[in-house]
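Residues per chain are reported as follows:
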Amino acid sequence: MPVDPNLLSGYLLACVVLVLTPGPDMAFVLGQTLSGGARRGWAATIGVFTGATVHILAAAAGVAALVAANPLLFTGLRVIGALYLLYLGFHAIRAAFRGAGGLGEAGAPTASLFAAWRQGFLTNLLNPKVGLFFLAFVPLFVDPTRSAPWVQMLILGPLLPAISIPFFAVLIAGAARIAGRLRASSAGRWLDGAAGTLFVGLGVRMLAGMPR
């Protein structure tokens, strides 16, 4: 077995704890689901997982180490990610005031679902903390005497997104049910406004957490 069983069990337990801890990805998927329904929530989830896959591959290849060693690059990526979240948030809030769909309506067309995937992908990809997480956290459960470290990281890394799928399924189903009832009562504009406020808050939080 290329991965130590004891380290694997500890890693799986840690993943469960991390999945149950609210974070930017969870908030983003929640906002997308409230704004556009379950299909849009799943499209955003797949986008987030696609971004995580890139981070896992980069960490395994050691590329994330370059980001960690370059504070300016780290800060630049973080600013870009925060500004993108702010853009999404202000766009949704403006749409709420205008009464037009900002982040997508329930039953959105394929193009809108692709937009949700793209937004989820970019939101995750432009968050350098995700790459640094895989670079710093996953190696803790790697045993160099078992097999090549990069092989173990490619095995361990995808387990975190995989474990989070059932939780995201429950989250999306519940949020979609609430969103459906609210939209039936013509409260869709409030959903767009709430989702937009959520994204703006995430962007501000990222900027506020930057070192002075």
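Relevant structure appears above.
Conventions and cut-offs
Residues numbered from 1 in each chain as written. Predicted model: local features only at pLDDT ≥ 70, side-chain atom pairs only at ≥ 80, totals over all residues. Heavy atoms only, no water. Phe/Tyr/Trp six-rings, centres within 6.5 Å; stacked < 30°, edge-to-face > 60°. Helix = DSSP H or I, 4+ residues; strand = E, 2+ residues; numbered from the N terminus. Buried < 20%, exposed > 50% of the residue type's maximum accessible area, 1.4 Å probe, protein only. Polar contact = N/O pair within 3.5 Å; in protein donor to acceptor, adjacent residues only side chain to side chain. Contact = heavy atoms within 4.5 Å. Patch = residues over 30% accessible without salt bridge, like charges linked within 9 Å, V, L, I, M, F, W, Y side chains within 5 Å. Areas by Shrake-Rupley, 256 points an atom, 1.4 Å probe, with all protein chains shown as cover. Salt bridge = Lys/Arg side-chain N within 4 Å of Asp/Glu carboxyl O. Arc of directions from axis to C-beta.

Asker: What is the right way to read the packing of aromatic side chains from this model?
Answerer: The geometry of two aromatic rings is summed up by the distance between their centres and the angle between their planes. Scanning the model with the defined rule gives six aromatic pairs in all. Measuring from centroid to centroid gives 5.9 Å for Phe49 and Phe168, while their planes differ by 85°, and the two rings are edge-to-face. Placement of the pair is Phe49 in helix α3 (residues 38-61) and Phe168 in helix α9 (residues 159-184), with a sequence separation of 119 residues. Assigned by exposure class, Phe49 and Phe168 land together as buried. A network of ring pairs unites the aromatic residues Tyr11, Phe137 and Phe141 as a single cluster.

Asker: I keep staring at the environment of Pro24 and nothing clicks. Help me out?
Answerer: Relative to the elements of secondary structure, Pro24 occurs in helix α2 (residues 24-36). When the C-alpha atoms of Pro24 and Asn127 are compared, they prove to be 9.5 Å apart, with 103 residues separating the residues in sequence.

Asker: Honestly, the side chain of Ser112 in this entry has me stumped. Any pointers?
Answerer: As for its position among the elements, Ser112 is in helix α6 (residues 110-125). The exposure class assigned to Ser112 is buried, which follows from its relative accessible area of 16%. Only 2.6 Å separates the side chain of Ser112 from the side chain of Arg40, close enough to count as a polar contact.

Asker: I tried to follow the side chain of Ser164 on my own but got confused; where do I start?
Answerer: Note that Ser164 resides in helix α9. Given a relative accessible area of 6%, Ser164 falls into the buried group. Among the polar contacts made by the side chain of Ser164, one reaches the main-chain carbonyl oxygen of Pro161 at a distance of 2.6 Å. Sequence-distant contacts of Ser164, defined by excluding residues within four places in its chain, comprise Val19 and Phe49.

Asker: What exactly am I supposed to notice about a nonpolar patch on the surface here?
Answerer: Together, Leu57, Trp150 and Leu154 make up a nonpolar patch on the protein surface, roughly 300 Å² of accessible area in all. Inspection of the secondary structure assignment puts Leu154 in helix α8 (residues 149-156).

Asker: Sorry if this is basic, but what is going on with α8 here?
Answerer: In an α-helix there are 3.6 residues to a turn, and that puts residues three or four apart on one side. All of the buried residues along α8 are Gln152, Met153 and Leu156. The buried residues of α8 occupy one face: seen down the axis, they fall within an arc of 100°.

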